[in-house]
Amino acid sequence: PTIRMSVGTNGRWGREGDRSLCYQPLLLDEVSEREIGKTVKISALLISYNPFVDIMTIGTKDLNVAVDTSLCISESFWKPGSTIQVLGAIVTESSGGAKRIKARIIRNVEGLDLSLWMKYVKLNNKLLRESFRS
């Protein structure tokens, strides 16, 4: 059998029709209503983590996003200030409509140069937008 590969709606390669393999690297300020339902990859600083309610907050004091960690293995070693990378879907809460990320994978990426990561994401997303226009 032939497996057909295609570029997903967010520019990542995956099996045709399989959106679970596709993700889009995003910055925290790019999390918006039009991104709901998309699988994203976000790197940021861990602000807080409550394993009892499976909620993590990543970002900065001014800009942060809640992460639902219920699908992930609880890690007690996650400490505020650590650099975290989250792969998951952007969803809305039923009460209030606030956006959060339903994490599938969370990993500690201590040592990642966040400013270089942000440059990469901006350049990558710009390139994807230009390639889809052509």
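None of the values given here were measured: they were computed from a predicted structure.

K.L.:
Outline the overall build of the chain, listing residues and values.
P.N.:
When you go through the chain residue by residue, the secondary structure sums to one helix and eight strands. Along the chain, from the amino end to the carboxyl end, the secondary structure elements read β-β-β-β-β-β-β-β-α. Per-residue burial for the chain yields a buried fraction of 39% across its 134 residues. For the chain, restricting intrachain contacts to residue pairs at least 6 apart in sequence, the fraction spanning at least 24 positions comes to 52%. A total of about 8400 Å² of accessible surface is found on the chain, and carbon and sulfur atoms cover 55% of it.

K.L.:
Break down the nonpolar core for me, citing the residues and quoting the values.
P.N.:
The biggest cluster of nonpolar side chains holds 20 residues, and the ones touching the most others in it are I42, M56, I58, V67, V86 and I106. Of all the secondary structure elements, the ones that give two or more residues to this core are β4 (39–50), β5 (55–59), β6 (64–68), β7 (83–92) and β8 (99–108). Considering each element in turn, this core owes the most residues, five residues, to β4. Among residues more than four places away in sequence, those in contact with M56 are L46, S48, Y49, V65, A66, V67, T69, W78, I84 and I106.

K.L.:
Lay out the pattern of salt bridges with the relevant residues and their values.
P.N.:
Under the criterion given, the structure shown has two salt bridges. Residue K38 is joined to E35 by a salt bridge in which the shortest nitrogen-to-oxygen separation is 3.5 Å. Accessibility expressed as a relative area gives 5% for E35, which makes it buried. A salt bridge links D68 to K102; its shortest N-O distance comes to 3.1 Å. Of this pair, D68 sits in strand β6 while K102 sits in strand β8, and the two are 34 residues apart along the sequence. The class for D68 is buried, based on a relative accessible area of 13%.

K.L.:
With reference to specific residues and values, describe the packing of aromatic side chains.
P.N.:
If you walk through the whole model with that rule in mind, you get one aromatic pair. With a centroid separation of 5.4 Å and an interplanar angle of 45°, the aromatic rings of W117 and Y120 are classed as tilted. One end of the pair, W117, and the other, Y120, are both in helix α1 (residues 114–133), three residues apart, so they sit about a helical turn from each other. Note on W117: relative accessible area 11%, which makes it buried.

K.L.:
Tell me about the pairing of β8, residues and numbers included.
P.N.:
Strand direction decides the pairing type here: β6 and β8, joined by three bridges, are parallel. The partner of A66 across the bridge, within β8, is R100. Here β7 pairs with β8 via nine bridges, running antiparallel. Looking across to β8, one finds that G88 is bridged to A103.

K.L.:
Talk me through the pairing of β4; I want residue IDs and the actual numbers.
P.N.:
Consecutive residues of a regular strand have side chains that alternate between opposite faces of the sheet. By the bridge criterion, two bridges tie strand β3 (residues 24–25) to β4 in an arrangement that is parallel. From the neighbouring strand, P25 faces β4, where its bridge partner is K41. Where β4 meets β7, seven bridges bridge the pair, whose relative direction is antiparallel. In the sheet register, T39 faces β7, and the bridge partner there is A89. Pairing geometry for β4 and β5, over four bridges, is antiparallel. What sits directly across from L46, in β5, is I58. Connecting the antiparallel pair β4 and β5 is a turn made up of four residues, with D54 showing a positive phi of about 55°.

Each value, and the rule that gives it
The written sequence of each chain sets the order in which its residues are numbered from 1. It should be noted that, the model being predicted, local features are given only for residues of pLDDT at least 70 and side-chain atom pairs only at 80 or more, the latter also being counted only at that level, while totals for whole chains, interfaces and linings use all residues. Excluded from the side-chain calculation are hydrogens and water; included are all heavy atoms of the structure. We count a stretch as a helix when DSSP gives it H or I for four or more residues in a row; a strand needs E for two or more, and each element gets its number in order from the N terminus. Think of it in three bands: residues with accessible area under 20% of the maximum for their type are buried, residues over 50% are exposed, and the middle band is partly exposed, with areas taken using a 1.4 Å probe on protein chains only. Note on contacts: a residue pair qualifies if any of its non-hydrogen atoms lie within 4.5 Å across the two residues. Per-residue accessibility takes into account occlusion by the displayed protein chains alone, with areas from the Shrake-Rupley method and a 1.4 Å probe. Buried Ala, Val, Leu, Ile, Met, Phe, Trp, Tyr and Cys residues that are joined via side-chain atoms within 4.5 Å together make up what is termed a nonpolar core. What counts as a salt bridge is simple: a side-chain nitrogen of Lys or Arg found within 4 Å of a carboxyl oxygen of Asp or Glu. Only Phe, Tyr and Trp rings take part, Trp by its six-membered ring, and two of them pair if their centres are within 6.5 Å. Stacked means planes under 30 degrees apart, edge-to-face means over 60, and tilted covers everything else. Here, a strand pair is defined by DSSP locating no fewer than two bridges between the strands.

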